[in-house]
Amino acid sequence: DEAGLYTQEEAADLTSRAEAIGETYGMDVLFLTTTDTQGLEAREYAAQFFLGGDFGYGEEKDGIVFIIDMGSRDAQMVTSGEGIRIFTDYYIDKIWNEVRPILSEGAYYDAMSTFLTDVEYYCREYQKYLANPEAYESEYQKEQESRSLYRHFPDFCLHCGRGFRGVRAQRP
């Protein structure tokens with residue numbers, strides 16, 4: 001926490017959770033804060049920090065890093081090894097869309113807590129996929145199927161569990 005965004009207790013809690021996720025799923029989960037990326041883009045700085053710090057599990061250096069650069073007011077996620085396969089662009093966007101508003105409020109601990117919860121969820125889902133790839137249907141696949149149904153049947157009401165969407169009133 002080079003930027004001093006967390007109390008000692010918050011940093012300890014986040015570190016403990018990140019380590020537990022890492023041990024459970026075999027990947028390093030890091031959160032990095034800084035005020036100076038030494039002239040690098042936040043993403044490059046995080047990648048160099050990760051590789052230079054000898055982080056990552058196994059030969060492929062499996063892991064994910066979330067960096068908050070207070071110097072340029074930027075935040076990024078960087079993946080390595082198996083992390084690249086788990087955290088596709090789709091899932092990175094999903095995590096980002098949850099974390100971004102929290103970061104904007106300046107609630108850095110809550111943002112990283114949300115990040116860790118999401119990382120754990122997607123790692124668990126990936127393990128389910130590995131256990132039975134033929135039967136597993138990802139969140140992405142479900143969303144694509146839902147969109148496809150809506151495109152083919154736009155005049156019908158699709159119940160999505162949180163209300164109705166796709167309702168179009170038509171009169172004969």
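See the structure shown above.
Read on for an overview of the structure. Remember, it's a predicted structure, so these values are computed and weren't measured experimentally. The written sequence of each chain sets the order in which its residues are numbered from 1. With pLDDT at 70 or above as the cut-off, local features in this predicted model cover only qualifying residues; side-chain atom pairs require 80 or more to be listed or tallied, and sums for whole chains, interfaces and linings still use all residues. Here the side-chain values reflect all heavy atoms present in the structure, with hydrogen atoms and water set aside.

### Comments concerning the environment of M112
Applied cut-off: Under the DSSP-based scheme used, a helix requires at least four consecutive residues in state H or I and a strand at least two consecutive residues in state E, with every element numbered from the N terminus. Only heavy atoms enter the contact rule, under which two residues are in contact if any of them lie within 4.5 Å.
Turning to its location among the elements, M112 is positioned in helix α5 (residues 108-131). M112 sits 46 residues away from F66 along the chain, and the two C-alpha atoms are 8.3 Å apart. M112 has contacts with Y6, L14, F31, F66, I68 and V99, leaving out every residue within four places of it along the chain.

### Considering the packing of helix α1 (residues 8-25) against α5
Geometry of a packed helix pair, given as the angle between the helix axes and the separation of the axes. The test is simple: Fitted lines through C-alpha atoms give the axes, limited to the stretch in contact for helices. The angle between two N-to-C directions lies from 0 to 180 degrees. Throughout this description, any angle smaller than 35 degrees is read as roughly parallel, any larger than 145 degrees as roughly antiparallel, any in the 65 to 115 degree range as roughly perpendicular, and the remainder as oblique. Under the scheme applied, nonpolar residues are Ala, Val, Leu, Ile, Met, Phe, Trp, Tyr, Cys and Pro; charged residues are Asp, Glu, Lys and Arg; polar residues are all the others, including Gly.
Relative to each other, α1 and α5 sit at 10°, their axes nearing to 11 Å. Our classification of the angle between α1 and α5 gives roughly parallel. Residues E10, D13, L14, R17, A18, I21 and Y25 of α1 form the contact with α5, whose own contacting residues are Y109, M112, S113, L116, T117, V119, E120, C123, R124 and Q127. Of the residues contributing to the contact of α1 with α5, the split by class is nine nonpolar, three polar and five charged.

### A look at the side chain of D62
Basically, it comes down to this: Each residue gets one of three labels from its accessible area relative to the maximum for its type: buried under 20%, exposed over 50%, partly exposed in between, using a 1.4 Å probe on protein chains only. By the counting scheme adopted, Arg and Lys are positive, Glu and Asp are negative, and His together with the chain ends is not counted. Salt bridges are defined as contacts in which a side-chain nitrogen from Lys or Arg sits within 4 Å of a carboxyl oxygen from Asp or Glu. Nitrogen and oxygen atoms within 3.5 Å of one another constitute a polar contact, given that in protein one can donate a hydrogen and the other can accept it, and given that sequence-neighbouring residues count only through two side-chain atoms.
Inspection of the secondary structure puts D62 in the loop between α2 (42-52) and β2 (63-69). The side chain of D62 sits in the buried core without any salt bridge; R85 is the nearest counter-charge, 5.1 Å away. Reaching out from D62, the side chain makes a polar contact with the backbone nitrogen of E82 at a distance of 2.8 Å. Apart from residues lying up to four places away in sequence, D62 is in contact with G26, M27, D28, F50, G56, Y57, S80, G81 and E82.

### A few points about the pattern of salt bridges
Using the criterion set out here, one finds four salt bridges in the structure. As a salt-bridge pair, E60 and R85 come within 2.4 Å of each other at their nearest N and O atoms. Note that E60 is positioned in the loop between α2 and β2 and R85 in helix α3 (residues 82-86), a separation of 25 residues in sequence. Residue class for E60 comes out partly exposed when judged on its relative accessible area of 43%.

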